[in-house]
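One-letter residues, chain by chain:
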Amino acid sequence: MPVTSQNVLLANAMTPYKPRSLPSVFDQTATLQGSAVPQISAYKPQAKPGAVATKLPPLEQPKSYRIGVGDVVLLATPNADSAVNEINGLLAAQNARQGYTVQDDGAIAIPTVGRVNIAGMTLQEAQSALFQKLVASQIDPTFNLEIREFNSQRVSVGGAVGSPQLEPITLTPLYLDEAITAAGGIQADDSSYATVRLYRDGKAYQIAADRLFAKNDIPKVLLQNGDRVFVDTEYSVALAEGYMQQELTLAAFQRSVLDEQRGIFQTRLSMDAVDRDYVYVFGEVKNQGRWPLPFDRYASLADAMFEQGGISPVTGNPSRIYLLRKSPLQGAGPMEITAWSLDAKNTANLLLATELQLRPNDIVFVAAQPVTNWNRLISQVLPSISILGSANGILN
């Protein structure tokens, strides 16, 4: 079949073909859309927040501290100065001072006195209960009671503060601004973007940090046991920069993963361990051999010839370039082969070679010049004549 404009279209249509594709890793960038490598969303500049609406809890007046489970009270008694006191005096062997922890039933256990329930009492009420217990036990009721450790009532302070911690409620009332200061103060590039939030009994309260610490008419907020204070920085330049650095670091990691996966594929390709489609080029070309069809695109007859060095200018016959292709519809009979013949003696016909698509297992053959065939015949005959002549000489 001669290669003409019409026949090129026919040849391309007769044998459907889809080029092999490169692995998807070659289509991916450092964002790795759809890959197994972790991905984070791109950084977007934060909008400056508006003013925070102030919402404070109901105002309360300070109340007397009530002793609770876990508190440690210190009991001080006079030094023992008589035999009676040495026998009956409270804690004479402990040299007059001893600490007691309020146990889970709300009582403290004192030797020779027994258990005294003081949980839920103020310090004065606990002193009165202990006084009555000493009198009833016929022990000198001279003593002093104080709280050494406050463990039963606490407030948590966290968020953008210097030292997040649990702060105890003591005999001195604990206010919101004082609790934040005790936790190291607000740690933010600009405190005007910080909001102090208070969570109590399932309800949330808030106030802008700069307003809380300003000298204005904002009342002091008294904290209660179980309150949770959180300093929230809604807008943080440092946080934004951290997100950006994290994005850059992850992109570098993703890029290294891509490079590794591509390198593995290229190594397998160089070792011929990857399935490829090939055409075979031989005849009067500079480099005969197997030529792989490219990935993701069609190759033409011209590609195969010139990738193999082109037609030999001495021995090749440009008017006899053949593309041999097996018929796509093969029955039980003998193999049918179509030979597409290109006459490139007219160099304008080489444009047709750029349009004729190759298919797997095509064979490109370039015939030799007539004079080349004659020269080869002579070169094969001459040694035979020489050998024949030598034999005749020997026989004569």
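Structure shown above.
What counts, and at which threshold
Residues numbered from 1 in each chain as written. Predicted model: local features only at pLDDT ≥ 70, side-chain atom pairs only at ≥ 80, totals over all residues. Heavy atoms only, no water. Helix = DSSP H or I, 4+ residues; strand = E, 2+ residues; numbered from the N terminus. Contact = heavy atoms within 4.5 Å. Pairing = 2+ DSSP bridges. Axes fitted to C-alpha atoms, helices over the stretch in contact; angles between N-to-C directions. Buried < 20%, exposed > 50% of the residue type's maximum accessible area, 1.4 Å probe, protein only. Core = buried A, V, L, I, M, F, W, Y, C linked by side-chain atoms within 4.5 Å. Expected span 1.5 Å × (residues − 1). Arc of directions from axis to C-beta.

Peer 1: Could you clarify how one ought to interpret the side chain of Arg200 in this entry?
Peer 2: Relative to the helices and strands, Arg200 is located in strand β8 (residues 194–200). Not counting chain neighbours up to four residues away, the residues in contact with Arg200 comprise Pro57, Tyr205, Leu222, Leu223, Gln224 and Asp227.

Peer 1: Whenever I open this one, the sheet that holds strand β14 (residues 337–342) confuses me. Can you help?
Peer 2: Strand pairing within a sheet occurs via backbone hydrogen bonds; the two strands may be parallel or antiparallel. The five strands lie next to each other as β12-β11-β15-β13-β14, forming an open sheet whose pairing is mixed. Two strands close off the open sheet at either side, each with one partner strand: β12 (289–292) and β14. Mean inter-strand twist for the sheet, computed between neighbouring axes without regard to direction, equals 25°. Direction of pairing for strand β13 (residues 316–326) relative to β14: antiparallel, over a ladder of six bridges. Along β14, the bridge assignment pairs Tyr322 with Ser341.

Peer 1: I'm lost on the environment of Asp201 in this one. Help?
Peer 2: Summarising the element assignment, Asp201 is placed in the loop between β8 and β9 (203–208). Overall, the relative accessible area of 73% leaves Asp201 in the exposed class. Counting along the chain gives 25 residues from Asp201 to Gly226, while the straight-line C-alpha distance between them is 8.4 Å.

Peer 1: I keep staring at the sheet that holds strand β5 (residues 144–149) and nothing clicks. Help me out?
Peer 2: Taken in spatial order, the three strands line up as β2-β1-β5 in an open sheet, and their pairing is antiparallel. The strands lining the two open edges of the sheet, one partner per strand, are β2 (97–101) and β5. If you compare each strand with its neighbour and ignore which way they point, the axes differ by 30° on average. Contacting β1 (72–76) and β5, helix α3 (residues 123–136) runs over the sheet at an angle of about 130° to β5.

Peer 1: Help me understand the nonpolar core, please; the structure alone is not making it clear to me.
Peer 2: Within soluble globular proteins, side chains that are nonpolar tend to cluster in buried spots. Ranked by internal contacts, the top residues of the largest apolar core, which has 42 residues, are Val196 and Val229. Looking at which element gives the most residues to this core, the answer is α3, with four residues. Other than its neighbours up to four places away in sequence, Val229 contacts Val155, Ser156, Val157, Gly158, Leu176, Ile180, Val196, Arg197, Leu198 and Leu223. Val3, Tyr17, Val279 and Ala344 belong to the second-largest nonpolar core, a separate cluster that totals 25 residues.

Peer 1: For this particular structure, what's the right way to read α3?
Peer 2: For an α-helix, the turn length of 3.6 residues means that residues three or four places apart are oriented alike. When the terminal C-alpha atoms of α3 are compared, their 20 Å separation across 14 residues agrees well with the 20 Å that a helix rising 1.5 Å per residue should span. Looking at α3, one finds that the buried residues are Leu123, Ala126, Leu130 and Leu134. The buried residues of α3 all sit within an arc of 70° when viewed along its axis, so they share a single face. Turned more than 90 degrees from where α3 packs its buried face, Gln124, Gln132 and Ala136 sit exposed. Within two residues after α3, Gln138 carries a phi angle of roughly 55°, on the positive side.

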